[in-house]
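# Understanding the architecture of this molecule
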Amino acid sequence: MAFPLTRMRRLRRTPALRELVRETRLDAGDLVLPIFVEAALEAPQPIDAMPGVSRQPINGALSEAAECLALGIPAMLFFGIPPEKDAEGSGAWDPEGGVQQAISAIKAAHPDLVLIADCCLCEYTDHGHCGPLSDSREVDNDAALELLARTAVSQAAAGADVIAPSDMMDGRVGFIRAALDEAGYTEVAILAYSAKFASAFYGPFREAADGAPAFGDRRGYQMDPANLREAVREAELDLEEGADALMVKPAIPYLDVIRRIADQTGAPVAAYNVSGEYAMVKAAAAVGALDEQTAVLELLTSIRRAGADFVITYHAKDAARWLQKM
Ligand code: PBG
């Protein structure tokens, strides 16, 4: 059945033919917009490392939410920048914290939007690590669990639909599930950052959220970029502990991990197209090295093709606008 009987180009001839045989679709409904909330701001404050992205005061977060709804983007992921930091990261569970305020304001104004709270301490600790430190200056896993659970409950109380722990402490999903249930939030879901790699691609985020570690790095708790089987184990453990959905992060350097976790677990899988992936495209587009729209839609489609059910991306609003016009 080879050439000349078979001609693969026949079904590529027109846009309509290509549309008919397209295997993967990208839709605004598959996108999540991350947002940085800093309640103390008077106006949005642009983030130099991430052109087009700003830290938002509460009213700015409200406008972003309205924009998401208008564009068909169903969900937002919240990060907070607190007025003050301390060794434990107590700003993370402040009922008056920026994330808590933004979530409750948006839930009241737009109850249909899915509000996902990133649950981590690194934006709130003065040392920038994802949990309290032990005497040996390592993150104390078990001490972090209690603080993460407190944070999750405060986010649920504010109106979060989904809690997304991004700290990579062992046992945090089960601990957070138990705390949510005990506080009566049995309907609040957990999206676990199961396979979160110790990645260079978080660079711009650390300026955006002011969460760079003051010393050392996160390789003692985030995953080694070389490991695929370990990522599957992390995903399976999170499911056993009660995770409702799993996340792989970053996205593009880890498409094989997305595919393997999607196939092997059958659970809903999210991929986080992180700040460094965003900044690379923006920088290349700014010097005319590639066409931004075509490149972004190709990248987001590739993440979906790899098996991600939804994609968390700073390109969400632009992509939704481009998809509307197609
Ligand atoms: C917090 C957290 C980070 C990101 C999401 N949650 C930073 C880190 O782990 O250093 C990165 C997101 C991005 O780069 O867009 N633990």
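Our structure's up above, just so we're on the same page.
Reference entry: report on the structure contained in this document. (Residues numbered from 1 in each chain as written. Predicted model: local features only at pLDDT ≥ 70, side-chain atom pairs only at ≥ 80, totals over all residues. Heavy atoms only, no water.)

### Let's talk about the overall build of the chain
Along the chain, the regular secondary structure elements total 11 helices and 10 strands. The globule rule puts the C-alpha radius of gyration for 326 residues at 20 Å, and the 20 Å found for the chain is close to it. Along the first, second and third principal axes, the C-alpha atoms of the chain reach 70 × 45 × 40 Å. Partitioning the contacts of the chain with sequence separation of at least 6, the portion at a separation of at least 24 is 75%. Accessible area for the chain stands at about 14700 Å²; split by element, carbon and sulfur atoms hold 52% of it. A gap of 13 Å separates the mean positions of the 30 positive and 48 negative side-chain charges of the chain. (Helix = DSSP H or I, 4+ residues; strand = E, 2+ residues; numbered from the N terminus. Rg over C-alpha atoms; globule rule 2.2 N^0.38 Å. Contact = heavy atoms within 4.5 Å. Areas by Shrake-Rupley, 256 points an atom, 1.4 Å probe, with all protein chains shown as cover. Lys, Arg positive; Asp, Glu negative; His and termini not counted. Charge placed at Lys NZ, Arg CZ, Asp CG, Glu CD.)

### Some points on the site of the ligand
Around the ligand, a shell composed of 19 residues is seen, among which Lys196, Arg206, Lys249, Ser275 and Tyr314 lie nearest. Gln222 is positioned with one of its side-chain polar atoms (N or O) 2.8 Å from an oxygen atom of the ligand. If the ligand stood free it would expose 400 Å²; the protein chains cover 100% of that surface. The pocket occupied by the ligand, as judged from atoms lying within 2 Å of grid points, is the largest cavity. (Near = heavy atom within 4 Å. Polar contact = N/O pair within 3.5 Å; in protein donor to acceptor, adjacent residues only side chain to side chain. 1 Å grid on protein atoms, 1.4 Å probe; cavity = no way out; pocket = protein on both sides within 12 Å on 5 of 7 lines; lining within 4 Å. Sits in = over half its atoms within 2 Å of the grid points.)

### Some details on unusual backbone geometry
The omega angle of the peptide bond from Phe3 to Pro4 is 10°, so this bond is cis rather than trans. Put simply, Lys249 and Pro250 share a cis peptide bond, and its omega is -10°. Phi at Met168 takes a positive value of approximately 65°, unusual for a residue other than glycine. Positionally, Met168 belongs in the loop between β6 (162–165) and α5 (172–182). You can call Met168 buried: its relative accessible area is 5%. A positive phi angle is found at Asp210, which is not glycine, with a value near 55°. Note on placement: Asp210 falls in the loop between α6 (203–208) and α7 (229–240). Residue class for Asp210 comes out partly exposed when judged on its relative accessible area of 41%. (Buried < 20%, exposed > 50% of the residue type's maximum accessible area, 1.4 Å probe, protein only.)

### Side note on the layout of surface pockets
Its volume calculated, the largest pocket comes out at about 540 Å³. Every residue lining the largest pocket is counted, 13 residues in all, and those nearest its centre are Arg22, Thr24, Leu26, Thr301 and Met326. Within the residue set of the lining of the largest pocket, elements represented by two or more residues are α1 (15–20) and α10 (292–305). Partitioned by chemical class, the residues of the lining of the largest pocket number five nonpolar, two polar and six charged. As for the second largest pocket, its lining consists of 17 residues, of which Val139, Met169, Gly220, Tyr221 and Gln222 are closest to the centre. The class makeup of the residues in the lining of the second largest pocket is seven nonpolar, four polar and six charged. (Points joined across faces, edges and corners; volume = space filled by probe spheres on them. Nonpolar A, V, L, I, M, F, W, Y, C, P; charged D, E, K, R; others polar.)

### What to know about the side chain of Arg304
Along the chain, Arg304 falls in helix α10. A polar side-chain atom of Arg304 sits 3.4 Å from the main-chain carbonyl oxygen of Asp309. Sequence-distant contacts of Arg304, defined by excluding residues within four places in its chain, comprise Thr24, Arg25, Leu26, Asp30, Asp309 and Val311.

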